[in-house]
Amino acid sequence: MPAVDADGYRALVSYGEISPGSGNRGAILAVERYGAPPARPRLVVTGEVTGGRDVDDVVELDVLRVEPTG
């Protein structure tokens, strides 16, 4: 799930990280802050130590489904 902010910053979250059977982290797309909608949504990846994949001002979010082969 790649996310892009208004400045071009990109972050990627994989299914393996958020899958309950694997990493079990949360990926939250915040569309409300303090009871009001922000100008743009914010992506927060729970459990991140540095917050390096938190994306403010999300302008693009691609959710991809890749079918297994074989």
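Engineer: For the side chain of D54, give the residues involved together with the corresponding values.
Structural biologist: Examined against the element boundaries, D54 turns out to sit in the loop between β4 (42–45) and β5 (58–61). There is a polar contact of 3.1 Å between the side chain of D54 and the backbone nitrogen of V45. Among all residues touching D54, those that are not within four sequence positions of it are Y9, R42, L43, V44 and V45.

Engineer: Now, about the environment of L29: what can you tell me, with residues and values included?
Structural biologist: Inspection of the secondary structure puts L29 in strand β3 (residues 27–30). The spacing of L29 and A11 is 18 residues in sequence and 13 Å in space, taken between C-alpha atoms. Setting aside anything within four residues of it in sequence, one finds L29 in contact with P41, R42, L43, V58 and L61.

Engineer: Could you give me a rundown of the sheet that holds strand β2 (residues 10–12), with the residues and numbers involved?
Structural biologist: Read across the open sheet, the three strands follow the order β2-β1-β5; overall the sheet is antiparallel. Strand pairing shows two members of the sheet lacking a second neighbour, β2 and β5, which therefore form its edges. Neighbour to neighbour, the strand axes of the sheet diverge by 20 degrees on average, direction disregarded. Here three bridges tie strand β1 (residues 2–5) to β2, and the two strands are oriented antiparallel to one another. Of the residues in β2, the one forming a bridge with A3 is A11.

Engineer: I'd like to hear about the pairing of β1, residue by residue, with values.
Structural biologist: Connecting β1 to the antiparallel partner β2 that follows it, the hairpin turn spans four residues, and G8 within it adopts a positive phi of roughly 95 degrees. Of the strand pairs in this sheet, β1 and β5 are connected by three bridges, and their pairing is antiparallel. The residue of β5 that forms the bridge with V4 is E60.

Engineer: Quick one: what's the story with a nonpolar patch on the surface, residue by residue and with numbers?
Structural biologist: A cluster of nonpolar side chains, L29, V31, L61 and V63, forms an exposed patch at the surface whose accessible area comes to about 340 Å². Mapped onto the elements of the fold, V63 is located in the segment after β5.

Engineer: Describe the nonpolar core, and please don't skip the residues or the numbers.
Structural biologist: Counting residues in each nonpolar core, the largest one holds seven residues, listed as A3, A11, V13, L43, V45, V55 and V58. Residues in contact with V45, not counting those within four places in the same chain, are V13, R25, G26, R53 and D54.

Engineer: Lay out the pairing of β4 in plain terms, naming residues and giving numbers.
Structural biologist: With burial as the criterion, only one face of β4 is covered, namely that bearing L43 and V45; the residues R42 and V44 on the opposite face remain uncovered. Bridge count between β3 and β4: four bridges; the pairing is antiparallel. Bridge pairing in β4 links I28 to V44.

Parameters at a glance
Residues numbered from 1 in each chain as written. Predicted model: local features only at pLDDT ≥ 70, side-chain atom pairs only at ≥ 80, totals over all residues. Heavy atoms only, no water. Helix = DSSP H or I, 4+ residues; strand = E, 2+ residues; numbered from the N terminus. Polar contact = N/O pair within 3.5 Å; in protein donor to acceptor, adjacent residues only side chain to side chain. Contact = heavy atoms within 4.5 Å. Pairing = 2+ DSSP bridges. Axes fitted to C-alpha atoms, helices over the stretch in contact; angles between N-to-C directions. Patch = residues over 30% accessible without salt bridge, like charges linked within 9 Å, V, L, I, M, F, W, Y side chains within 5 Å. Areas by Shrake-Rupley, 256 points an atom, 1.4 Å probe, with all protein chains shown as cover. Salt bridge = Lys/Arg side-chain N within 4 Å of Asp/Glu carboxyl O. Core = buried A, V, L, I, M, F, W, Y, C linked by side-chain atoms within 4.5 Å. Buried < 20%, exposed > 50% of the residue type's maximum accessible area, 1.4 Å probe, protein only.

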